[in-house]
2 protein chains.
Amino acid sequence: MLGLIGRRGKSAMALQYDEIVRGSLAKQVADLIRAAILEGRLQVDERLPTEEELAKRFGISRPTVREALKVLAAQNLIRSRRGPAGGTFVTRPDLDAAARTITDAATLLVGMGRFEIDEIVAARGQTEALCCRLAARNRTDEDLDAMAQELLLQQDETLSDEDFCASDVRFHRAVVQATGNGPLQFIMHAMIESFIPITNMLIYRHHERRRTIGAHQRIRMAIAERDEDTAAALMQHHVEGMRAVLDQALAHRRLEKPGGETI
Amino acid sequence: MLGLIGRRGKSAMALQYDEIVRGSLAKQVADLIRAAILEGRLQVDERLPTEEELAKRFGISRPTVREALKVLAAQNLIRSRRGPAGGTFVTRPDLDAAARTITDAATLLVGMGRFEIDEIVAARGQTEALCCRLAARNRTDEDLDAMAQELLLQQDETLSDEDFCASDVRFHRAVVQATGNGPLQFIMHAMIESFIPITNMLIYRHHERRRTIGAHQRIRMAIAERDEDTAAALMQHHVEGMRAVLDQALAHRRLEKPGGETI
DNA sequence: ATTTTTATATTTGTCAAACCTTTTGCGTTT
DNA sequence: AAACGCAAAAGGTTTGACAAATATAAAAAT
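What counts and what doesn't
- Residues numbered from 1 in each chain as written.
- Chains lettered and ligands numbered in written order.
- Predicted model: local features only at pLDDT ≥ 70, side-chain atom pairs only at ≥ 80, totals over all residues.
- Heavy atoms only, no water.
- Near = heavy atom within 4 Å.
- Polar contact = N/O pair within 3.5 Å; in protein donor to acceptor, adjacent residues only side chain to side chain.
- Helix = DSSP H or I, 4+ residues; strand = E, 2+ residues; numbered from the N terminus.
- Nonpolar A, V, L, I, M, F, W, Y, C, P; charged D, E, K, R; others polar.
- Pairing = 2+ DSSP bridges.
- Contact = heavy atoms within 4.5 Å.
- Buried < 20%, exposed > 50% of the residue type's maximum accessible area, 1.4 Å probe, protein only.

(A) Spotlight on the protein's contact with DNA strand C. As a matter of local geometry, DNA strand C sits amid 27 residues, with R62 and R66 of chain A together with L25, R82 and P84 of chain B nearest to it. The share of sugar and phosphate among atoms of DNA strand C within 4 Å of the protein is 68%. Interatomic distance of 3.0 Å between a backbone N/O atom of G83 of chain A and a sugar or linking oxygen of DNA strand C. Within the contact set of DNA strand C, a base oxygen lies 3.3 Å away from a backbone nitrogen or oxygen of P84 of chain A. Mapped onto the surface near DNA strand C, the elements with two or more residues apiece are α3 (62-74), β1 (78-81) and β2 (87-90) of chain A together with α1 (25-38) and α3 (62-74) of chain B. Here the residues of the surface near DNA strand C are counted per class, giving six nonpolar, ten polar and eleven charged.

(B) Molecular detail of the pairing of strand β2 (residues 87-90) of chain B. Residues and elements named next belong to chain B. Two elements, strand β1 (residues 78-81) and β2, share four bridges in a ladder whose sense is antiparallel. Its bridge partner lying in β2, R81 is registered against G87. Hairpin connection between β1 and β2: a loop of five residues separates the two successive antiparallel strands, and G83 in this loop has a positive phi of roughly 95 degrees.

(C) Fine view of the side chain of Q185 of chain B. Residue and element names in this part refer to chain B. When you line up the elements, Q185 lands in helix α8 (residues 182-203). At 3.3 Å, the side chain of Q185 forms a polar contact with the backbone oxygen of Q177. Excluding residues within four positions of it along the chain, Q185 makes contact with V176, Q177, T179 and G180.

(D) Representation of unusual backbone geometry in the model. In this structure, D45 of chain A takes a positive phi of about 70 degrees despite not being glycine. One can find D45 of chain A in the loop between α1 (25-38) and α2 (51-58). For D45 of chain A, a relative accessible area of 41% translates into the label partly exposed. Phi is positive for N76 of chain B, close to 60 degrees, though the residue is something other than glycine. Tracing the sequence through the fold places N76 of chain B in the loop between α3 and β1.

None of this, on its own, says anything about what the molecule does.
Written out as structure tokens, the structure reads:
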């Protein structure tokens, strides 16, 4: 019974205005375990007690414990397996999983129209230009190869719009990858994966492929020659050149507003 | 009974190798509802059926439904209230909530040592210098006031290390805020909130306050005068100047490795 | 003796039915 | 008209049980 507040009687203690209760029992338990993980009191890959044991120790029921564990699992902090050697384990922080999390969050915001197109274009232009600078400085030959591979693919005329967009995303990712900076790659994920597809799916219906490919090729060339200023300027021009096309494409899209009850 | 796969007997259907099941029932339900929200089939602030009703429609039990809803609530997609007018509602995508999500993800990665200090310093220097440029271009007088307020606070000698660090974070946030670019602010949250505290809590034990304050003041002045190049250079120098101090501080910290069973 | 099969115990996953707590709204009383 | 109180609705929690998966040990077959 770890001090959780359940079925609290209104103890007539005068002047006790500070946070009566933080939330549901499940939330309190989730917060406790999360804190234990974040503070390192629970090591990576360490096994937590069984759900029944947790329920007993916290003085709550197993379904409530499970609700708490589900929340933590949704945050990629723990994972569960069945069986005798199963149980709940602390998950090693995974770069991909974390990147997916922030991408989802960014995609949601973009999809719900919380950002202006102009803002997105400006943010892309600036940050990707910066990445170009660092890429020109730190790129390896493998990075150049990765870019070349996408360029080759993009020149295939039979490529569907969707596949072309996907290749475009991979090209920009390759540029970010070439910076060799982990934290920057992590941050740029949100840009690359959420901002680019939204803008591109609108644009490529208007057949701007040739121009895009040309810009990509020049960018790669500048990075190959370690010409920071040129690479950055090219990228910024490439991205911000979309603005006009985007505004036009957006006008078409305003009319599509589906709605339907499914659940 | 919406086609969920529960208690599946090994139906002897030959050649049905494709994804027998996606996961637990709770996960399947969570995925279904999430997709409905992300695709706009469930509008913002729309009320979902009651938990009992959902259980009936999906053909599963209420605890399982609740596990699914908890997952979605943890992702800030829904919220629940009790009472007759209560229920489960689709949450409007919130910038702060999303920012908190990515901050948590980044903090976790940093805390678990998935990034090198050098990388973090470099990423901070580059991106914050970029923000300085845009801040110098777009800042309002209110932005300058916000910076000045933190500077004033930082000059208080009696400030605790923790409070000084918090003010430092707010100063850097004010710079990002001054860019006036929503997506950029969103992305930079992860830097500001997770990368800065980690580095600063190490540094300020070594009493670098005066130098920090001086750098802040010069940065603000350059932004006020709309001098992009100077502001960017100052910020980059300010951030990357920490590297040596950081390496030193890190050496001290290597010895602290607490471990203890609490859950 | 080695491999394969079977049994068993353990742990998560799911279910059912109830009860508790909070909140709203209505109806009664003052 | 305002205040109070009650009842209904919905999420929050509990209890106890069973189902499914899986690692380990035991047994059987080769």
